[in-house]
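Structural features, examined
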Amino acid sequence: MVNKVSDPRGADSSGIYRRPRLVLRLKRFEDLPSLLSKPKSYPSPIRMVGADYSQTRCVGGDGGTTVDTAGLDRILEFGENSVRAQAGVRVSTLVKALAERGQELPLTPEMGQISLGAMAMTTLPQASYADGMSQLSSCICEIKMVTPQGKHMTVTDRDRDLMRVLRSSFGLLGLVHEVVVRVRPMLPVKIDYQVLNLKEFGARYPALIGAPGALRLHVSPFHDRITIERRTPAESASITRSGIWQIKQSVMRNVLPAFGSTVGSVLAARGLRAAVLSGMHRALSGGSRDVMMYSHEWMRDMPKEAWKARHTYSLWAFPQADYPALLGAYFAFCKSYYKKHRYRGNVVSGAARLHQDRGSLFSASYSGPMFTLEPSSSGEQGWDDFLIDFNEFASSHGGTPTFNQTRALQPEHVAKSFGERAKLFRALRQRTDPVNRLRNSYFAYLLG
Ligand SMILES: Cc1cc2nc3c(=O)[nH]c(=O)nc-3n(C[C@H](O)[C@H](O)[C@H](O)COP(=O)(O)OP(=O)(O)OC[C@H]3O[C@@H](n4cnc5c(N)ncnc54)[C@H](O)[C@@H]3O)c2cc1C
């Protein structure tokens, strides 16, 4: 029914320790109930894995059975407002297929290696355009899954409370094999950039957050520089396809590669940091300020094996109202940490504005509008220690973490940020899966 992989992965070069006893390649979702019913052949915990790109041990093998969903790779049905697909389909595959039909997702991430199963079940905050939609999981309007007891279940967003719990349940309440994702007609997006120092950012902040559009920031604590990228859907733009393509080439070649994750791999050699950073700012000030592109064109495919990206980052979200002050404190924290420990990660930290989104229980912007802060690194020595102190900084400044993108998370961070929501989830999980068929040690530690 499923292929067994004889050499399960242990800790890989990304430093994430996995250690399942078995890795199974699932071909047919119909096999899930029988797999769940045989703990002797398929030891607990049963953990689903999509693209395996998470930054934490949320997949976590623990001597159990890891189920790889890559074989569930069919897009089943395109509709006017939604698309039905299996859980192993990658977001990049879906987004490209939608673009051919003139459609797009309400939110498009920058990385393509996200499985639809993970999209439905994890917290993936994205630079957002409007209230109610800042987690990728909020694009999901139907989930087909198998419960820990092996029962098939279909949940739609008519059942809002259940959907809210499932949308950040990390495979602890059931195994997802099919989803329906909301789509809309494709629109060109105008992208403009502005480079400010911290003082200017603080002074212009009310206007920056008051204007429409999605905001992505590139924050350089050591250079006192914040690059603001604003994405505004150009509903009435009359831009020709070739016009968009020309601009896209220049952005892709000159600007985007200098940002975010690819920077990590390029910057492995320490001396290159300053060169690349100034290259980015040269590119920004070199004229590519107002550009137009379709959202699928900013998505990049990472290497097939997660560890090859050689890029690690961590993510916390902070209340929008105090964000300029938070950035000031972060700049001071990074400088003082460097002075004391001679360590700094990648010089540019990412950030994104999140509108309030209560579509999932552990949404990073459940309580109100937020901005993320995402320090990154090539994983060199010092990063793990930095994260311990950064987590204390983030938690004491009112930050909200995620279970799949916040590294070195501790139970007290979870309790402080999620409070009653964590208790509610724990109670529900215990009732749904009393024998812990799906729970791994990572979630046992953080959520009980
Ligand atoms: C270099 C890099 C760049 C990144 N850039 C972005 C970005 O631009 N935007 C963004 O949103 N994220 C980004 N990420 C984060 C990444 O997308 C997320 O961590 C996401 O979880 C990855 O999806 P996945 O398929 O790899 O999930 P996995 O790591 O495979 O799984 C995540 C969790 O979901 C559970 N799960 C998976 N499938 C199922 C299923 N079918 N049923 C039940 N549970 C399931 C797993 O058990 C696990 O707990 C980036 C990561 C890296 C390393």
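To start, this report covers the structure provided alongside it. (Residues numbered from 1 in each chain as written. Predicted model: local features only at pLDDT ≥ 70, side-chain atom pairs only at ≥ 80, totals over all residues. Heavy atoms only, no water.)

Generally, phi is negative for residues other than glycine and the peptide bonds are trans, each holding for most cases. Proline 45 follows serine 44 through a cis peptide bond whose omega is -5°. A positive phi angle, close to 50°, is found at aspartate 224, a residue other than glycine. Relative to the helices and strands, aspartate 224 is located in the loop between β13 (214–220) and β14 (225–233). Of the residues examined, aspartate 224 reaches a relative accessible area of 34% and is grouped as partly exposed. (Helix = DSSP H or I, 4+ residues; strand = E, 2+ residues; numbered from the N terminus. Buried < 20%, exposed > 50% of the residue type's maximum accessible area, 1.4 Å probe, protein only.)

On the surface, a cluster of negative charge is contributed by Asp384, Asp385, Asp389, Glu392 and Glu412. The element that contributes the greatest number of residues to the negative patch is helix α10 (residues 383–396), accounting for four residues. With respect to the helices and strands, glutamate 392 occurs in helix α10. By relative accessible area, glutamate 392 is classed as partly exposed at 42%. (Patch = residues over 30% accessible without salt bridge, like charges linked within 9 Å, V, L, I, M, F, W, Y side chains within 5 Å. Areas by Shrake-Rupley, 256 points an atom, 1.4 Å probe, with all protein chains shown as cover. Salt bridge = Lys/Arg side-chain N within 4 Å of Asp/Glu carboxyl O. Lys, Arg positive; Asp, Glu negative; His and termini not counted. Charge placed at Lys NZ, Arg CZ, Asp CG, Glu CD.)

On to the pattern of salt bridges. Enumeration according to the criterion identifies 19 salt bridges in this entry. A salt bridge links aspartate 301 to lysine 96; its shortest N-O distance comes to 3.1 Å. With aspartate 301 in the loop between β15 (290–294) and β16 (312–313) and lysine 96 in helix α2 (residues 91–100), the pair connects residues that are 205 residues apart, well separated along the chain. Linked by salt bridges that have partners in common, Glu110, Arg216, Glu229, Arg231, Arg300 and Glu374 make up one network.

Between its first and last C-alpha, helix α5 (residues 198–210) extends 18 Å over 13 residues, near the 18 Å set by a 1.5 Å rise per residue. When the local axis directions of α5 are compared, the greatest deviation, roughly 60°, occurs at arginine 204, which is followed within four positions by the proline proline 206. The inward-facing, buried residues of α5 abut β12 (188–196), β13, β14, α9 (323–341) and β19 (370–373). Taking the backbone nitrogen of lysine 199 as reference, a side-chain oxygen 3.1 Å away marks asparagine 197 as the first, capping residue of α5. (Expected span 1.5 Å × (residues − 1). Bend = angle between axes of the 7 residues up to and from the residue. Contact = heavy atoms within 4.5 Å. Polar contact = N/O pair within 3.5 Å; in protein donor to acceptor, adjacent residues only side chain to side chain.)

Moving on, we get to α10. With 14 residues, α10 should cover 20 Å at 1.5 Å per step; its first-to-last C-alpha distance of 20 Å lies within 8% of that length. Buried residues of α10: Trp383, Phe386, Leu387, Phe390, Asn391, Phe393, Ala394 and Ser395, and no others. Against β16, β17 (316–319), α9, β19, β20 (376–377) and α11 (411–432) lie the buried residues of α10. Immediately beyond the C-terminal end of α10, within one or two residues, lies glycine 398, with a positive phi of roughly 80°.

Taken together, 36 residues lie near the ligand, and Met48, Gly50, Tyr53, Ser54 and Gln126 sit nearest. The side chain of asparagine 404 places a nitrogen or oxygen atom 3.4 Å from an oxygen atom of the ligand. Protein contact buries 96% of the 980 Å² of open area that the ligand shows by itself. Among the secondary structure elements, those contributing two or more residues to the shell around the ligand are β3 (46–49), α3 (116–121) and β10 (175–182). Of the residues contributing to the shell around the ligand, the split by class is 18 nonpolar, 15 polar and three charged. Taken domain by domain, the shell around the ligand gets at least three of its residues from each of domain 1 (75–185) and domain 2 (188–402). (Near = heavy atom within 4 Å. Nonpolar A, V, L, I, M, F, W, Y, C, P; charged D, E, K, R; others polar. Domains from an automatic or database assignment.)

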